[in-house]
Amino acid sequence: MNYDLIVVGTSFASTFFLKKYLEKSPDSVKVLVLERGKFEPHAERISRAKKMALGEVGFISGTSSGAYENNNPAKPWIFDPSFGGNSNCWTGCTPRFMPSDFELKTRFGVGIDWPISYADLEPYMCEAEEIMSIAGPANTPYPMSRPYPLPPHQVTAADKLLEKRYAEYYISQPTARASKPGARNACCNSSICHLCPVSAKFTIENGLHDVYKDPRITLQFETQVLSLDVAGGLVTGVNAEQRGEQITLKGSAVALGANAIFNAHILLNSGDDNTHTGRHLSEQVGYYGYVHLDGLDNVGGSTIITANGFMLYDLPSRKDAAACLIESHNDPYVRSEHGKWRQIMKLKFVFEDIPQAGNRVTTSSDLRTPRVEYEGHSQYVNNGYTLMKSKIAEVLSPLPVEEILIDENAQASEAHILGTTRMSMSKADGVIDKHLIHHTFRNVFVLGGGSFPTISAANPTLTLSALSLWSADKIF
Amino acid sequence: MNRRKFLKAGILTIISGLLVTWIVPSFKQTIYKIIATDCAKIKVNRDHIDRFIQEAYQDKFWDRFNTQKKLIIVFFTYLSFTKSFMPYYNKYIMYRGQITGQFLLSTDFFINRMSVNETVEYIQFYNPYKQPCYNPFSNLFYPETA
């Protein structure tokens, strides 16, 4: 059988693309979706977690370790290879990228510009926010043509002081953790978002499972796509391993929505000779900080990350130093001092990086297993960290601060995988065009965070979901 | 290395090992000291600290602290004069907060709004997968902050 479309993967990128594609396609189309993992319902994951010792519970998902070779074990790349992908284990943070994130070269002289603008993508950001029932504030540092669907989460006592001082530059975090019951339960601040016990967080399972019930779709599990079948410059299908057997499936178009490691790997296995394919593997870099407060009990927040601060984001220094997005955390942490138990604020400082060509995905001796070579983040991040440390006392001056403790070591991972198949105007600068179509294989869409030419300090899911909607809407 | 040097080295190693065993407190002792010190001014039954530590072992909570973290915790707990002049001090403060916090989350202390007048009762080892929606600092526990 020849399918009209073969979609690889079932996470955000694939599912949002598929949703829009199905909306715009006739009843006669035939779509094949290939998922390398299985479907483990949320209820079963919860049941499994409850039976485990607390110290053993990590990400309740198919493990990503062992799925790829890693030259740098200190730098893990986290993903969930099962139905719904990373929607199962994400935290649900959905701040938008800033307009400047699309024009880093033009505005600051670093990185490269995106081939599309914030304005191009804005209607699709609204649509993605509607689909995910995002909770967020009325005033934001980025322009919005539509308000967030759900009211904002309640911020903490310390957040309120910063909100008062910085207005739209310090906001209740836009999030897919519901602020009131509706399509999902309301977040009750359990602080284990990778497996929300009350299903308050948007997942493919609880939000878009119906897409896969469309009669035009055939969904096959335990099928890992290894390469594309190429003939005469066009792709005619995919080669896959299905429960130990090698199979070839035919399709008129293919949408790769695995992730930025596996999308690149499939292309490299297919003879893609674009010099950028697999390169520029990147993600944000995060550091925790604790602020000891003088006499202020930091209580009252209604979700795990209550606020986002943009005070160190679009500074003129961004030409040399990475933008920093501040997160205010609200898990049940305490300060080990009598009478000051909650006179503390936990922050995370998240920095963008300039994708480095040397950080890359390559092939290995096993067709199923990509090799990741990651040398480290760039000096641009270190400059951003140094700048943040020099400015943080001033930034936090609206708070009654006793002491600020900033972690010297970055977190091992922000659980984002970005940049290996970047968008560009031409083949010389990237792998795919502005509609996410491969520059050489013109019937192949390469979806997801791998398409980002630069990566912003903001969480990528909202943007990559909007890109899938944009791509399908423009082409079909 | 001749035989005499080999014996000397062996004896020194054995003595050092014994000294470390006798002098350097165990991680378990250190946890107890941290919690007992941090909770000295609230009415905590000391047996409850032992119970907490035991239940935390059963729930493999201490596995979250690898050897490096454990060394930092032991070192700073017993050499507190080094304080912020030392590298890793910030991490120690974070880890200490996690230890005492986990203990107090396993009691009714935070539910009672951190009252120092009431005797703190141990409830059960805090496990968010078994006790969802329990963040005693959230809006659900402080509705007046809305």
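Below: a short report on this structure. (Residues numbered from 1 in each chain as written. Chains lettered and ligands numbered in written order. Predicted model: local features only at pLDDT ≥ 70, side-chain atom pairs only at ≥ 80, totals over all residues.)

Moving on to the interface of chain A and chain B. Often, the extent of an interface is quoted as the loss of accessible area upon association of its parts. Tallying the contact residues gives 34 residues for chain A and 34 residues for chain B. Contributions of two or more residues to the side of chain A that touches chain B are made by helix H2 (42–51) and strand S17 (401–406) of chain A. Split by residue class, the side of chain A that touches chain B holds 17 nonpolar, 10 polar and seven charged. (Contact = placed C-beta atoms within 7 Å. Helix = DSSP H or I, 4+ residues; strand = E, 2+ residues; numbered from the N terminus. Nonpolar A, V, L, I, M, F, W, Y, C, P; charged D, E, K, R; others polar.)

Within soluble globular proteins, side chains that are nonpolar generally end up buried alongside one another. Ranked by size, the top nonpolar core spans 168 residues in total, and within it Ile6, Ala255, Leu256 and Cys324 of chain A carry the most contacts. Per element, the largest residue contribution to this core is eight residues, and it comes from helix H5 (residues 89–105) of chain B. Those residues within four positions of Cys324 of chain A in sequence are excluded, and the remaining contacts are Leu312, Tyr313, Phe349, Val350, Phe351, Gly384, Met388 and Ala457 of chain A. (Core = buried A, V, L, I, M, F, W, Y, C linked by C-beta atoms within 7 Å. Buried ≥ 20, exposed ≤ 12 C-beta atoms within 10 Å, placed from the backbone.)

Let us look at H5 of chain B. Under the 1.5 Å per step criterion, the end-to-end length of H5 of chain B is 24 Å for 17 residues, consistent within 8% with the ideal 24 Å. In terms of residue burial, H5 of chain B counts as a mostly covered element, since 14 of its 17 residues are buried. (Expected span 1.5 Å × (residues − 1).)

Let's shift gears to the sheet that holds strand S11 (residues 285–293) of chain A. Residue and element names in this part refer to chain A. Strand order in the open sheet formed by six strands is S5-S12-S13-S14-S11-S17, and the pairing between neighbours is antiparallel. Of all the strands in the sheet, the pair left with one neighbour each is strand S5 (170–172) and S17. Averaged over all neighbouring strand pairs, the angle between strand axes comes to 25°, with direction disregarded. In this sheet, S17 lies alongside S11 in antiparallel orientation, the contact comprising five bridges. Counterpart to Tyr290 in the pairing with S17 is Leu405. Contacting S5, S11, strand S12 (305–312), strand S13 (324–329) and strand S14 (344–351), helix H5 (residues 157–166) runs over the sheet at an angle of about 35° to S12. (Pairing = 2+ DSSP bridges. Axes fitted to C-alpha atoms, helices over the stretch in contact; angles between N-to-C directions.)

Attention now moves to the environment of Lys43 of chain B. All names here are of chain B. Looking at the element boundaries, Lys43 is found in the loop between helix H2 (27–38) and helix H3 (46–58). Here Lys43 falls in the partly exposed class, since 13 other C-beta atoms lie within 10 Å of it. C-alpha separation for the pair Lys43 and Val116, spaced 73 residues apart in sequence, amounts to 6.8 Å. If we ignore the near neighbours within four places in the chain, the residues touching Lys43 are Glu118, Thr119 and Val120.

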